[in-house]
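Descriptive structure summary
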Amino acid sequence: MDSQLTGKKALVTGSTAGIGLAIAEKLLQEGAEIIITGRTDERIQEAIAGLKKNISGAKVSGVA
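Residues numbered from 1 in each chain as written. Predicted model: local features only at pLDDT ≥ 70, side-chain atom pairs only at ≥ 80, totals over all residues. Heavy atoms only, no water.

Moving on to the pattern of salt bridges. Should their charged atoms come close, side chains of opposite charge can pair. Tallying each qualifying case throughout the model produces one salt bridge. Between Glu 30 and Lys 26 there is a salt bridge, and its shortest N-O distance comes to 3.7 Å. Among the residues examined, Glu 30 registers a relative accessible area of 11% and is labelled buried. Lys 26 gets classed as partly exposed once you look at its relative accessible area, which sits at 42%. (Salt bridge = Lys/Arg side-chain N within 4 Å of Asp/Glu carboxyl O. Buried < 20%, exposed > 50% of the residue type's maximum accessible area, 1.4 Å probe, protein only.)

Okay, structure coming up:
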């Protein structure tokens, strides 16, 4: 499926686990640049590392 998200940015809240993380991963797969949020910087960094491991070239950053 091509949602035409290449070059678009998305903010996904509550995205260090569960449904939020799954949404962030799908948006990355569709080519979007993602900003994730979470309660702690540690959880955000763990989520970013996992997303980058699963999706080559993922453009993802985070805010606690």
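It is worth spelling out the pairing of strand β3 (residues 60–63) at this point. Where strand β2 (residues 33–37) meets β3, four bridges bridge the pair, whose relative direction is parallel. The residue of β3 that forms the bridge with Ile 36 is Gly 62. You can see the chain leave β2, run along helix α2 (residues 41–54) and come back into β3, and the turn it takes is right-handed. (Pairing = 2+ DSSP bridges. Helix = DSSP H or I, 4+ residues; strand = E, 2+ residues; numbered from the N terminus. Right-handed = clockwise from strand over helix to strand, strands pointing away.)

Below, the discussion takes up the packing of helix α1 (residues 18–29) against α2. Look at α1 against α2: their axes get within 11 Å of each other, and the N-to-C directions meet at 40°. Relative to α2, the element α1 lies oblique. Note on packing geometry: the crossing formed by α1 with α2 is right-handed. Side by side, α1 and α2 meet where Leu 21, Ala 24, Glu 25 and Leu 28 of the first sit next to Ala 47, Leu 51 and Asn 54 of the second. In terms of residue class, the contact of α1 with α2 is built from five nonpolar, one polar and one charged. (Axes fitted to C-alpha atoms, helices over the stretch in contact; angles between N-to-C directions. Parallel < 35°, antiparallel > 145°, perpendicular 65-115°, else oblique. Left-handed = near helix turned anticlockwise from the far one by under 90°. Contact = heavy atoms within 4.5 Å. Nonpolar A, V, L, I, M, F, W, Y, C, P; charged D, E, K, R; others polar.)

Taking strand neighbours across the sheet as the criterion, the three strands line up as β1-β2-β3 in an open arrangement whose pairing is parallel. A single partner strand is all that each edge strand has here, and the edge strands are β1 (9–12) and β3. Adjacent strand axes in the sheet meet at a mean angle of 20° when their direction is disregarded.

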